[in-house]
Amino acid sequence: RTNVMFLKTHKTASSTILNVMFRFAERYNLTVALPAGQLFHLGYPETFLTSFVEEFQAIGQKNYNIMCNHLRFKSSEVQKVMPADTFYFSILRNPIPLMESSYVYYKDAVPAFRISKDVNEFLASPMKYYRQVDYKWNIYARNIMWFDFGYDNNAKDSKSYIQKVLKEIEQNFHLILIADYFDESMILLKHVLCWDLDDVIYFKLNSRSQDTVQTLTSESREQIKVWCSLDWELYLHFNQTFWRTIEETIGLEDLEKEVNHLRTRQEELMETCLSDREAVGKDHIKNKALLPFQSGAANILGYNLKQDLDNRTLRTCQRMVIPELQYMSYLYTVQHP
């Protein structure tokens with residue numbers, strides 16, 4: 001499958017998937033729907049419009065293969081850009097670690113986070129810090145996944161409303177992956193798209209150092225389920241459908257074998273490419289061209305490549321570790337010289 005739309009959700013390992021998508025587009029010489037005006041997002045947090053795509057008028061409708069930058073989903077608009085046989089997928093993450101990750105990453109940008117001391121203080125009484133009038137910035141503080149899918153993140157969590165939205169998402173998306181089972185997700189994606197193992201192999205991108213992780217109290221963990229109840233319901237539902245799909249398509253036994261295969265191949269590539277065999281903190285990245293965007297109180301990790309790699313290997317390794325903003329700039333120069 002070469003016509004693919006990935007709804008890139010926030011703080012869900014989606015930057016790693018973006019890299020997978022960009023590499024796939026390059027490998028098969030596909031056209032990517034890049035953000036207009038060299039922005040990072042397709043109009044986010046505004047609801048998506050076709051005008052948010054670079055040269056949409058010139059390239060014309062239905063002539064893009066891949067769409068994967070951050071956007072706020074609107075089915076009717078996305079369908080104008082992408083071909084009729086496009087495969088739609090997205091990824092969700094357990095809202096408990098997601099909230100902590102958002103808090104650290106968006107600490108300086110989100111009014112609701114800025115004035116609280118730490119994530120536990122914020123969660124002890126979120127309404128003390130959270131004002132709906134600041135909604136454009138505060139979206140990261142509550143039901144962010146729900147918002148990314150195009151819905152109101154401050155809506156009342158009535159059963160009928162949640163059911164209606166879940167049904168709509170199931171109609172719009174062929175597959176929802178789960179970040180908490182990332183390797184399993186990559187194997188499932190490979191199967192449903194009929195891709196090769198090397199198409200879904202990855203190095204973890206945009207992750208942060210352990211010393212910036214804040215420990216959630218058990219009260220905070222429970223509070224997230226209430227405060228982000230829409231995201232919680234979304235996650236519970238699609239976590240179930242995820243495992244059901246795996247059982248129907250691959251089976252748990254074969255899944256385990258394939259996950260091991262993926263990890264072995266990943267180890268081989270790390271051995272080949274990386275001088276440190278692992279991600280390093282921002283101060284230890286030698287080639288500043290490979291330095292990822294830094295945000296909030298997070299120390300976003302990156303990679304050092306081995307010296308003296310032959311050209312072909314170097315090219316492969318660079319693609320695996322290039323941060324998303326740099327990769328995007330490169331794709332601009334190729335597609336829109």
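Let me begin by describing the structure that accompanies this report. Owing to the predicted nature of the structure, the values given are computational and were not obtained by experimental measurement. (Residues numbered from 1 in each chain as written. Predicted model: local features only at pLDDT ≥ 70, side-chain atom pairs only at ≥ 80, totals over all residues. Heavy atoms only, no water.)

Summed over the entire model, instances satisfying the criterion amount to 1 disulfide. Looking at Cys194, it has no disulfide partner, and the nearest cysteine sulfur is the one in Cys68, 19 Å off. Here Cys194 falls in the exposed class, since its relative accessible area comes to 64%. (Disulfide = S-S within 2.5 Å. Buried < 20%, exposed > 50% of the residue type's maximum accessible area, 1.4 Å probe, protein only.)

Here the focus is helix H16 (residues 311-321). The set of residues buried in H16 consists of Cys317, Arg319, Met320 and Val321. Buried positions along H16 lie against helix H1 (14-27), helix H15 (252-273) and helix H17 (324-335). Where H16 begins, the capping side chain belongs to Asp310, and its oxygen is found 3.1 Å from the backbone nitrogen of Arg312. (Helix = DSSP H or I, 4+ residues; strand = E, 2+ residues; numbered from the N terminus. Contact = heavy atoms within 4.5 Å. Polar contact = N/O pair within 3.5 Å; in protein donor to acceptor, adjacent residues only side chain to side chain.)

The subject of this paragraph is H15. With 22 residues, H15 extends 31 Å between its outermost C-alpha atoms, agreeing within 8% with the 32 Å of an ideal straight helix rising 1.5 Å per residue. For H15, every residue scored as buried is listed here: Leu255, Glu258, Val259, Leu262, Gln266, Leu269, Met270 and Cys273. The arc that holds the buried residues of H15, viewed along the axis, is 120°, so those residues lie on one side. Seen from the open side of H15, the exposed residues pointing more than 90 degrees away from its buried face are Glu253, Glu256, Lys257 and His261. Looking at the buried positions of H15, the neighbouring elements they touch are helix H11 (182-193), helix H12 (197-200), helix H14 (229-249) and H16. (Expected span 1.5 Å × (residues − 1). Arc of directions from axis to C-beta.)

What follows is about the side chain of Thr50. Mapped onto the fold, Thr50 is located in the loop between H1 and helix H2 (56-59). Aside from chain neighbours lying at most four places away, what touches Thr50 is Phe56, Glu77, Lys80 and Val81.

With that settled, the discussion passes to the pairing of strand S3 (residues 87-92). Taken across its 6 residues, S3 has 6 buried, putting it largely inside the fold. Side chains Phe87, Phe89 and Ile91 project from S3 onto one buried face, and the interleaved Tyr88, Ser90 and Leu92 project onto a second face that is buried too. Of the pairings in the sheet, the one linking strand S1 (residues 4-7) to S3 comprises 4 bridges and is parallel in character. Its bridge partner lying in S3, Met5 is registered against Tyr88. (Pairing = 2+ DSSP bridges.)

Moving on to the nonpolar core. The biggest cluster of nonpolar side chains holds 118 residues, and the ones touching the most others in it are Met67, Phe89, Phe122 and Leu177. Other than its neighbours up to four places away in sequence, Met67 contacts Val4, Met5, Phe6, Ala33, Leu42, Phe48, Val53, Val78, Val81 and Met82. (Core = buried A, V, L, I, M, F, W, Y, C linked by side-chain atoms within 4.5 Å.)

What follows concerns unusual backbone geometry. The step from Tyr44 to Pro45 runs through a cis peptide bond, and the omega angle for that step is 5°. Mapping Pro45 onto the fold places it in the loop between H1 and H2. Positive phi, normally seen in glycine, also occurs at Glu55, with a value near 55°. Secondary-structure assignment places Glu55 in the loop between H1 and H2. On the basis of relative accessible area, Glu55 is assigned to the partly exposed category, the value being 39%.

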